[in-house]
Amino acid sequence: MKTLPSRRGAMTAGVAAALSLALAACGGGSGVSGGDATGPAAVPSKSAAVQDALSKPAELTFWTWVTGIEKTVARFEAKYPNIKVNVVNAGQSADQYTKLQTAIKAGSGAPDVAQIEYFALPQFALSKQVVNLSEYGADALKDKFAASAWNQVVINGGVYGIPQDTGPMAMFYRKDIFDRLKLEPPKTWAEFAEAAKKIKADNPDNFITSIDPGDAGGVDSLIWQAGGQPFKTSGESNVSVTLDSDPGVKQWVTNFGTLLKDKLVEPQPGWTDEWWKGMGSGKYATWLTGAWAPGAIMNSIPKTKGKWAVAPMPQYDAATPMNAENGGSSVAVIPQSKNIPAAVAFAEWLNSDPEAVKSLNEEAGLFPATKVLLDDPAFRDVPWEFFGGQKINQVLGDARPPSGRAGSTCRSRCTPTASSRTPWARRSTAAGT
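Residues numbered from 1 in each chain as written. Predicted model: local features only at pLDDT ≥ 70, side-chain atom pairs only at ≥ 80, totals over all residues. Heavy atoms only, no water.

J.: Explain the overall build of the protein to me, please; I cannot follow it from the model alone.
T.: When you go through the protein residue by residue, the secondary structure sums to 17 helices and 13 strands. Across the 433 residues in the protein, those meeting the buried criterion constitute 59%. Partitioning the intrachain contacts of the protein with sequence separation of at least 6 by distance along the chain shows that 79% fall at a separation of at least 24. (Helix = DSSP H or I, 4+ residues; strand = E, 2+ residues; numbered from the N terminus. Buried < 20%, exposed > 50% of the residue type's maximum accessible area, 1.4 Å probe, protein only. Contact = heavy atoms within 4.5 Å.)

Next up, the structure:
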């Protein structure tokens, strides 16, 4: 198994080149099975062993980079005192995956449980480096999760992780700019282009948004939102790529190619000081990204408090709305574990127990993947002072796609609700903007 690519793949600013490299960086696609595929029937003895493990002494090691998750883990240990969980930050995303692959290959040193993003999970699953949780009864959890999250852990009929968080896409926009120019949040991409022209006419140095030429995940998510499915896997090694013929790819290229050509959108690497300064100054009037963005905005450009709002993504056809996700992680069990039943029990509790998922949202800042929180009025109806009192979780919760799409999300930012939780959402020198 080859080392997984870093999150920042090299890509040119050209749309076609960006797309080609985005697909190449993803190693042939997510391999996620769409629809309602489920794994094989659980082996009764293994399923029973998961429940029994909660009452037996065990010590687990959990690799994760989520800041604040220790509080949720402590709740698990208080509820199940026989199980000790050691939380280890072994690096973020590709850094952790490289260490994990090395330990698996060496036959020792791997954790019992590991955080693995949706884009990376298929590589581990297809090479049998994570446990098929269907054998331990994980299929029973399916209805607890949003379909778009669950379908990203289902690979070739097996379940290889428990969804932890997710990132349905939305349009975060500068309400102060839109109000001043008497603009409504665009409901379609045609309206988006018209708004972009008015923003450019108001100030030639400003843009309706930026597009990061090095962010493969951003490209993939926008293609997904256009209905694209350009690359798939089947079996353990078959990969198909349909760049030239995929209608969603063509639609995205036409849309953003025109915006770039007309200089209504700026190619600009994201998460840099320059980019954050642009976000803070109003150079960029919108940010098209995942539901994890509020914390990044609040922590990196705090002086923009009250200037932001959230709206659904613009649509190609308002009569048939579509959306995608940008971001999200699962929690997988490693075969090297000496306590697999206990590891499965911990992964399931951490990501599906109502107490746990509430803690992950409130104390670790993860946008939920479970219906129990996404549909809870106590979650949905909270007004956000930073966003002018808007109940943004209503917009973000409704933004989740109805199902996962194969070959769509390859990159993700999974713990972005505080500046220290991802390498990109760090506090920059633009924080005071």
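J.: Is there a simple way to think about empty space enclosed by the protein in this case?
T.: Where empty space is left can be seen by rolling a probe of water-molecule size over the atoms. Counted according to the given criterion, the structure contains four cavities of 30 Å³ or more. As a volume, the largest cavity reaches approximately 260 Å³. Every residue lining the largest cavity is counted, 19 residues in all, and those nearest its centre are Ser210, Asp212, Asp215, Trp287 and Leu288. Broken down by secondary-structure element, the contributors of at least two residues to the lining of the largest cavity are β7 (209-211), α9 (216-225) and β11 (286-290). Of the residues contributing to the lining of the largest cavity, the split by class is nine nonpolar, seven polar and three charged. (1 Å grid on protein atoms, 1.4 Å probe; cavity = no way out; pocket = protein on both sides within 12 Å on 5 of 7 lines; lining within 4 Å. Points joined across faces, edges and corners; volume = space filled by probe spheres on them. Nonpolar A, V, L, I, M, F, W, Y, C, P; charged D, E, K, R; others polar.)

J.: Any chance you could explain the nonpolar core here in plain terms?
T.: Across soluble globular proteins, nonpolar side chains show a tendency to be buried alongside one another. In this structure, Phe62, Ile116, Val130 and Phe346 are the most contacted members of the largest nonpolar core, which totals 62 residues. A total of nine residues in this core trace back to one element, the largest contributor, which is helix α13 (residues 340-352). With residues up to four places along the chain from it excluded, the contact list for Phe62 reads Ile69, Val73, Val85, Asn86, Val87, Val88, Val113, Ala114, Gln115, Val331, Phe346 and Leu350. (Core = buried A, V, L, I, M, F, W, Y, C linked by side-chain atoms within 4.5 Å.)

J.: Please explain the layout of surface pockets as it appears in this structure.
T.: Here the largest pocket defines a volume of roughly 330 Å³. In terms of lining, the largest pocket is formed by 18 residues, of which the most central are Asn361, Glu362, Phe379, Trp384 and Asn393. At the level of elements, α14 (354-362), α16 (377-380) and α17 (392-398) are the ones that each hand at least two residues to the lining of the largest pocket. At three residues, α14 tops the list of elements feeding residues into the lining of the largest pocket. Classifying every residue of the lining of the largest pocket by side-chain character gives eleven nonpolar, four polar and three charged.

J.: Please explain the environment of Lys371 as it appears in this structure.
T.: Note on placement: Lys371 falls in helix α15 (residues 371-374). For Lys371, a relative accessible area of 34% corresponds to the partly exposed category. In contact with Lys371, other than residues within four places in its own chain, are Asp143, Lys144, Phe145, Ala146 and Asp376. A polar atom in the side chain of Lys371 sits 3.4 Å from the backbone oxygen of Asp143. (Polar contact = N/O pair within 3.5 Å; in protein donor to acceptor, adjacent residues only side chain to side chain.)

J.: What is the right way to look at helix α12 (residues 293-300) in this model?
T.: In an α-helix, one turn spans 3.6 residues; hence positions three or four apart end up facing the same way. Here α12 lies mainly inside the structure; seven of its eight residues are buried. When α12 is considered as a whole, its buried residues turn out to be Ala293, Pro294, Gly295, Ala296, Ile297, Asn299 and Ser300. Elements that come into contact with the buried residues of α12 comprise β6 (162-174), α11 (273-281), β11, β12 (308-311) and α17.

J.: Is there a simple way to think about the pattern of salt bridges in this case?
T.: If charged atoms from side chains of opposite charge come close, those side chains can pair. According to the stated counting rule, one finds 14 salt bridges in the structure shown. Between Asp179 and Lys175 there is a salt bridge, with the nearest N and O atoms lying 2.8 Å from each other. Taken together, the positions of Asp179 and Lys175, both in helix α7 (residues 175-180) and four residues apart, correspond to about one turn of that helix. Using a relative accessible area of 43% as the deciding quantity, one classes Asp179 as partly exposed. Through salt bridges with shared partners, a single ionic network connects Arg75, Glu355 and Glu363. (Salt bridge = Lys/Arg side-chain N within 4 Å of Asp/Glu carboxyl O.)

J.: So what exactly am I meant to see when it comes to the packing of aromatic side chains here?
T.: Counted according to the given criterion, the structure contains 25 aromatic pairs. Ring geometry for Trp189 versus Phe256: centroids 5.4 Å apart, planes at 65°, classification edge-to-face. Placement of Trp189 in helix α8 (residues 189-202) and of Phe256 in helix α10 (residues 247-261) is noted, with a sequence separation of 67 residues between them. You'll find Trp189 and Phe256 in the same group, each marked buried. Put simply, the rings of Phe62, Phe76, Tyr80, Phe346 and Trp349 touch in pairs and so form one group of aromatic residues. (Phe/Tyr/Trp six-rings, centres within 6.5 Å; stacked < 30°, edge-to-face > 60°.)

J.: Whenever I open this one, the pairing of strand β2 (residues 83-88) confuses me. Can you help?
T.: Consecutive side chains of a regular strand alternate in pointing toward one face of the sheet and then the other. In this structure, strand β1 (residues 58-63) lies alongside β2, joined through six bridges in parallel fashion. The partner of Glu59 across the bridge, within β2, is Lys84. Since β1 and β2 lie parallel, the crossover through helix α3 (residues 69-79) that links them has a hand, and here it is right-handed. (Pairing = 2+ DSSP bridges. Right-handed = clockwise from strand over helix to strand, strands pointing away.)

J.: Please explain the pairing of strand β3 (residues 113-117) as it appears in this structure.
T.: Within β3, five of the five residues are buried, leaving the element largely enclosed by the surrounding structure. Of the two faces of β3, the one carrying Val113, Gln115 and Glu117 and the one carrying Ala114 and Ile116 are both buried. Sheet topology note: the β1/β3 ladder contains two bridges and is parallel. When the bridges of β3 are listed, Phe62 appears paired with Val113.

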